[in-house]
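Chain residues, written in single-letter form:
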Amino acid sequence: MNPKFHLSLDVASLEDSVRFYSALLNAPPTKHKPGYAKFDLANPPINLAMQEKTHCCLQGLSHMGLRVQTAEEIQLIKKRLEDAGYKTLDETNTTCCYALQDKFWVSDPSGYRWEVYILKADTEHENDVTVMPKTCCA
């Protein structure tokens, strides 16, 4: 298992953020859509997503995650967390961030949201009817 760290940021200006992270990471975004951009890099091994938010209370950190390679890895991590007493929320065949994914959500003791997921395919649609939970599993 070789998971890749995933970080999702709410940003005030997507284009300003794309310029900054392109310079910082020395790479253009691997996906750039209206209101959304992603840097999915091998070096550094990160999956950094950004979505432009204009609501009143920009929080900065949307969520964090681990992208794994197989559904079996998802289940192993999920079982480990549930055995430790944490509640999880499954989402399968969901479209989020222009990608078809299987995942589960879990919140840490401070309320930070984590997703553990596999990328099944890229899509041309940002989201499906499933809405990413703002809070999870409390």
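Residues numbered from 1 in each chain as written. Predicted model: local features only at pLDDT ≥ 70, side-chain atom pairs only at ≥ 80, totals over all residues. Heavy atoms only, no water.

K.L.:
Got a minute to help me understand the pairing of strand β6 (residues 89-96) in this structure?
P.N.:
On a regular strand, one side chain projects to one face of the sheet and the next to the other, so that they alternate. Of the strand pairs in this sheet, β6 and strand β7 (residues 99-107) are connected by six bridges, and their pairing is antiparallel. When the bridges of β7 are listed, Asp 90 appears paired with Phe 104. Counted between consecutive antiparallel strands, the loop separating β6 from β7 contains two residues, among which Cys 97 sits at a positive phi close to 60°. (Pairing = 2+ DSSP bridges. Helix = DSSP H or I, 4+ residues; strand = E, 2+ residues; numbered from the N terminus.)

K.L.:
How do you make sense of unusual backbone geometry when you look at a structure like this?
P.N.:
Outside of glycine, negative phi angles account for most residues, and trans bonds account for most peptide bonds. Unlike most non-glycine residues, Asn 26 shows phi in positive territory, near 55°. Considering the arrangement of structural elements, one finds Asn 26 in the loop between α1 (14-25) and β2 (31-33). Taking the relative accessible area as the measure of exposure, Asn 26 reaches 71% and is therefore exposed. The phi dihedral of Asn 93 is positive, around 50°, even though this residue is not glycine. Considering the arrangement of structural elements, one finds Asn 93 in strand β6. (Buried < 20%, exposed > 50% of the residue type's maximum accessible area, 1.4 Å probe, protein only.)

K.L.:
Would you mind showing me how to read the packing of aromatic side chains here?
P.N.:
Any two aromatic rings considered together are summarised by their centre-to-centre distance and by the angle between their planes. Summed over all chains, the structure comprises three aromatic pairs. When the centroid spacing of 6.2 Å and the interplanar angle of 65° are considered together, the rings of Phe 5 and Trp 114 count as edge-to-face. In this pair, Phe 5 is assigned in strand β1 (residues 4-11) and Trp 114 in strand β8 (residues 113-122), connecting sequence segments 109 residues apart. Classification of Phe 5 by relative accessible area gives partly exposed; the value is 34%. (Phe/Tyr/Trp six-rings, centres within 6.5 Å; stacked < 30°, edge-to-face > 60°.)

K.L.:
I would appreciate a short explanation of the nonpolar core in the present structure.
P.N.:
General note: in soluble globular proteins, nonpolar side chains tend to be found buried as a group. Core analysis: the biggest nonpolar cluster contains 15 residues, and Leu 9, Leu 14, Tyr 21, Leu 25, Phe 39, Leu 48 and Met 50 have the highest contact counts within it. With four residues, the single largest contributor to this core is α1. Counting residues in hydrophobic clusters, the runner-up holds seven residues, among them Val 68, Phe 104, Val 116 and Ile 118. (Core = buried A, V, L, I, M, F, W, Y, C linked by side-chain atoms within 4.5 Å.)

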